[in-house]
Amino acid sequence: MTILEFQQAKRDKKRLAVVTAYDALFTRLVEQAGIQTILVGDSLGIVVQGKPNTLAVTMDEMLYHTKLVASSAQRALVIADMPFMSYQASTEEAVRNAGRFLQTGAAAVKLEGGAVMSDRIKAMTSIGIPVMGHLGMTPQSVHVLGGYKVQGKVKDRAALLLEDAKVLEAAGAFGLVLEAIPVSVAKDITDAISIPTIGIGAGPYCDGQVLVLHDLLGLFDAFTPKFVKTYAHLKTDALQALSRYKEEVEQGKFPSDSESYH
Ligand code: KIV
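What you are looking at is a predicted structure, and each value in this text was computed from that prediction instead of being measured.

Turning our attention to the overall build of the chain. Counting secondary structure elements, the chain contains 11 helices and 8 strands. For the chain, the C-alpha radius of gyration of 20 Å lies close to 18 Å, the compact-globule estimate for 262 residues. Along the first, second and third principal axes, the C-alpha set of the chain runs to 70 × 40 × 40 Å. Counting the 262 residues in the chain, one finds 49% classified as buried. Partitioning the intrachain contacts of the chain with sequence separation of at least 6 by distance along the chain shows that 59% fall at a separation of at least 24. Just so you have it, the chain exposes about 13300 Å², and 56% of that area is on carbon and sulfur atoms. The positive charge centre, built from 26 side chains, and the negative charge centre, built from 28, are 5 Å apart in the chain.

One side chain can pair with another of opposite charge once the charged atoms of both are near each other. Scanning the model with the defined rule gives 9 salt bridges in all. The shortest N-O distance in the salt bridge between Lys110 and Asp81 comes to 2.8 Å. Of this pair, Lys110 sits in strand S4 (residues 108-110) while Asp81 sits in strand S3 (residues 77-81), placing them 29 residues apart in sequence. Residue classification places Lys110 among the buried residues on the basis of a relative accessible area of 2%. Owing to a relative accessible area of 2%, Asp81 belongs among the buried residues under this scheme.

A word on the domain arrangement of the chain. Segmenting the chain into domains produces domain 1 (3-231) and domain 2 (234-262). Computed from C-alpha coordinates alone, the two centres of domain 1 and domain 2 are separated by 40 Å.

Pairing between the strands of a sheet is mediated by backbone hydrogen bonds and can be parallel or antiparallel. If you walk around this closed barrel you meet the 8 strands as S1-S2-S3-S4-S5-S6-S7-S8, and the pairing is parallel. Across the sheet, the mean angle from the axis of one strand to that of its neighbour is 25°, orientation sign disregarded. Where helix H5 (residues 91-104) meets the sheet, its contacts fall on S3 and S4, and the angle it forms with S4 comes to roughly 135°.

Once that is clear, we can look at the environment of Val167. By the element assignment, Val167 lies in helix H8 (residues 155-171). A relative accessible area of 24% means that Val167 is categorised as partly exposed. Along the primary structure Val167 and Arg96 are separated by 71 residues, whereas in three dimensions their C-alpha atoms are 22 Å apart. Filtering out sequence-adjacent residues up to four positions away, Val167 remains in contact with Ala115 and Ser118.

To continue, consider the side chain of Arg120. By secondary structure assignment, the location of Arg120 is in helix H6 (residues 118-126). Given a relative accessible area of 9%, Arg120 falls into the buried group. Of note is the side chain of Arg120, whose polar atom sits 3.2 Å from the side chain of Asp119. Setting aside anything within four residues of it in sequence, one finds Arg120 in contact with Tyr87, Gln88, Ala89, Ser90, Thr91, Ala94 and Leu111.

Counting buried positions along strand S5 (residues 131-136) gives 6 out of 6 residues, so the element sits mostly inside the fold. Two strands pair when backbone bridges link them, and S4 and S5 are joined in this way by 2 bridges, in the parallel orientation. Residue pairing for S5: Val109 is matched across the bridge by Val131. Handedness of the crossover is the feature at issue here: the chain leaves S4, passes through H6, returns alongside S5, and the resulting connection is right-handed. Two elements, S5 and strand S6 (residues 175-179), share 5 bridges in a ladder whose sense is parallel. By the bridge assignment for S6, His134 is matched with Val177.

Moving on: the packing of helix H4 (residues 59-72) against H5. Closest axis-to-axis distance for the H4/H5 pair is 9 Å, and the angle between their directions is 25°. Between H4 and H5, the angle falls in the class roughly parallel. As for how H4 packs across H5, the hand of that crossing is right-handed. Only Asn97, Arg100, Phe101 and Thr104 of H5 make contact with H4, whose side of the interface consists of Met59, Asp60, Met62, Leu63, Thr66, Lys67 and Ala70.

Parameters and conventions
Residues numbered from 1 in each chain as written. Predicted model: local features only at pLDDT ≥ 70, side-chain atom pairs only at ≥ 80, totals over all residues. Heavy atoms only, no water. Helix = DSSP H or I, 4+ residues; strand = E, 2+ residues; numbered from the N terminus. Rg over C-alpha atoms; globule rule 2.2 N^0.38 Å. Buried < 20%, exposed > 50% of the residue type's maximum accessible area, 1.4 Å probe, protein only. Contact = heavy atoms within 4.5 Å. Areas by Shrake-Rupley, 256 points an atom, 1.4 Å probe, with all protein chains shown as cover. Lys, Arg positive; Asp, Glu negative; His and termini not counted. Charge placed at Lys NZ, Arg CZ, Asp CG, Glu CD. Salt bridge = Lys/Arg side-chain N within 4 Å of Asp/Glu carboxyl O. Domains from an automatic or database assignment. Pairing = 2+ DSSP bridges. Axes fitted to C-alpha atoms, helices over the stretch in contact; angles between N-to-C directions. Polar contact = N/O pair within 3.5 Å; in protein donor to acceptor, adjacent residues only side chain to side chain. Right-handed = clockwise from strand over helix to strand, strands pointing away. Parallel < 35°, antiparallel > 145°, perpendicular 65-115°, else oblique. Left-handed = near helix turned anticlockwise from the far one by under 90°.

Structure (C-alpha cells):
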C-alpha cells in the first residue's frame, strides 16, 4: 500500500482498515489477514511497556519497534508515530526526527495536534516525508485535556476541529486520525476534506478505522474505552494455556514421552 493508494481509497469509497503493530510476529499476522496499513503507535507505551500513558515513550524505543515492523512488512504501508517531545519543541527537530523514521523503514509518520502543527507538516512534506495528522482526543495532551475524554462535543470546539482538519490538509497531511469525537463532527470533517480520515471512537462515517492491536485481540483489558470492539479473547486463551503448562510441570505430566528424545 502506497500513500497514493491510501488516498485513492477515499475517492474509490473503499474503507481503510488500519491496525497497530509493534513487532515482527504481529506484523506478519496483520498482513496475512490482508490489512494493508500498519501504525507503529506510541500506544506501545501502554500495551507493551505497561506505562499509564504514552508520554514516556522515547525516539529510540519508537525507532526500535518501527524497525521490527518495517523490516517484516512485505506490502503494508507502515506509519510510525512520533513520540512526545520528538516534534513539539521546534520544526527543525521535528523534521530531523521524522527523517529518522523513514531511514528506519517507515513510509510515513504521524503526529498529534491541530493548526499549530501546520509548519511541521509543511516542512516535512516539502522534503518528501509523508505526514498523517491526529485530531480530537490526542493522548500526548492527556494532562491538558484532563483525561481521555471525548472531544468536540460543544459547537465551538467542533468548529475548531473542522478548521484544524482543513489547515492540516492544506499543510500537506496525507490523512488524519480522528480520535474520540462525536459521529456528526467526524462526518462533517470527512465530508469537508479530500484526504482520508481514520477514526478511532469517531463513528462509522470516517474513511477508515484504526484500533490498537492488543485491544482488538482481547490481550489488553486494563482499560477498555467504549470505542474498542474486542474481536478475540486471547488473554483468556493465554491464561488457560499458561495455567495448564504450570499444572502439568508441577504434576510431572509435561514433558511426556512424545516431547522427549531417546
Ligand atoms: O498510538 C496509537 O496507537 C494511536 C492510535 C490509537 C491512533 O495513535
